[in-house]
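Understanding the architecture of this molecule
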Amino acid sequence: MRALVISGGGSKGAFAGGVAQYLIEENGREYDMFLGTSTGSLLVPHLAANEITKVYNLFTNVTQRDIFSVSPFVQRKKDNREYVSINFINSLWQFIKMKRTFGESKSLKRNIKRNFTIEEFEKIKATRHDVVVTVSNLSKNRVEYKSVNDCTYEEFCNWIWISCNYIPFMSLAEVDGFEYADGGLGCVVPIREAIERGATVIDAVILESELMVGNKVLGKNPFSLMISLFGHLLEQVEKHDVTIGKLAAKNKGVTLNLYYTPTKLTENSLIFSKRLMQKWWREGFDYAKNKHEDFESNELKNGII
């Protein structure tokens, strides 16, 4: 049973989309299971429904307004470089209203339901073994995995949204008396979960470079420093997930193929730029293509094929 796993990574999900497009359309991969965290949870339902052109258009045209109903950020451009800074007015207003987060992401919830239809939901339930999204139950201090097979359409859309809620910058959600947030707070790359659900071959897209080259740029004020700190912590969770996934794969004889980004795409994955995301999608497609061409070339040299 083959599974596609896509990690969290905000706007860098465009790179994963390019990798997935190559694997599915050009390499002919047929997946029984799709598992995602955060931005990965946005991708996997559309990929499972084989709506690659649709998800490309969605990802490469997304803006801050499509995600935030109250944005804690202001997106700026300087010297051909795009970055985000704090929206002091919105953040202050959230404090005045005694909210616990700097921003709200109700726009994203509406967009998920608008773009992922009930027909697509029924299609993936009928044609795929499983589609799973990762969420963090903060009340119980645990990671939970929500399967399309256990949910109604409304519930599954809600879990996709919750999986993406990168607090304290996005909404904190409550379900059945428990508070939930971004799945990446507990599991960025759900490789082990794919193995537990019966996957024997896994293609995992990890939206970070395997080796860090150069120094990270830290924030110049407390707010942007907080973003940098959260990024650092999520990278440590990601490395742990990959290590545990590799061990589980080795112990159970599972074939695990890892697709890292070849370079550091951005210091802030909350920047949503059409130009950058189109570029990252192309880079993901080309990276997967070159990786497989190199692999086949090596096998020919060694007389394997």
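For the structure given in this document, a descriptive report is provided here. (Residues numbered from 1 in each chain as written. Predicted model: local features only at pLDDT ≥ 70, side-chain atom pairs only at ≥ 80, totals over all residues. Heavy atoms only, no water.)

Examining the pairing of strand 9 (residues 201–209)
With nine of nine residues buried, strand 9 is to be regarded as a mostly interior element. Pairing between strand 1 (residues 2–6) and strand 9: five bridges, direction parallel. Bridged to Ala3 within strand 9 is Ile202. Here strand 9 pairs with strand 10 (residues 255–261) via seven bridges, running parallel. When the sheet's bridge partners are listed, Val201 is paired in strand 10 with Thr255. (Buried < 20%, exposed > 50% of the residue type's maximum accessible area, 1.4 Å probe, protein only. Helix = DSSP H or I, 4+ residues; strand = E, 2+ residues; numbered from the N terminus. Pairing = 2+ DSSP bridges.)

Thoughts on the pattern of salt bridges
Under the definition given, this model contains 15 salt bridges. One salt bridge connects Asp203 with Arg29, and the closest N-O pair in it is separated by 2.6 Å. Highlighted residues: Asp203 in strand 9 and Arg29 in the loop between helix 1 (13–26) and strand 2 (33–37), separated in sequence by 174 residues. Given the relative accessible area of 14%, Arg29 is considered buried. The partner of Arg128 in a salt bridge is Glu30, and the shortest N-O contact between them spans 3.9 Å. Linking Arg128 in the loop between helix 7 (118–127) and strand 5 (130–137) with Glu30 in the loop between helix 1 and strand 2, this pair joins segments that are 98 residues apart in sequence. In this structure Arg128 comes out as buried when scored by relative accessible area, which is 16%. If you follow the salt bridges from partner to partner, you end up with Lys12, Glu208, Glu235 and Lys264 in one network. (Salt bridge = Lys/Arg side-chain N within 4 Å of Asp/Glu carboxyl O.)

Side note on the environment of Tyr153
By the secondary structure assignment, Tyr153 is in helix 8 (residues 153–163). In this structure Tyr153 touches Lys113, Phe116, Thr117, Ile118 and Phe121, once residues within four positions along its chain are discounted. A polar contact of 2.6 Å, which involves the side chain of Tyr153, links it to the backbone oxygen of Phe116. (Contact = heavy atoms within 4.5 Å. Polar contact = N/O pair within 3.5 Å; in protein donor to acceptor, adjacent residues only side chain to side chain.)

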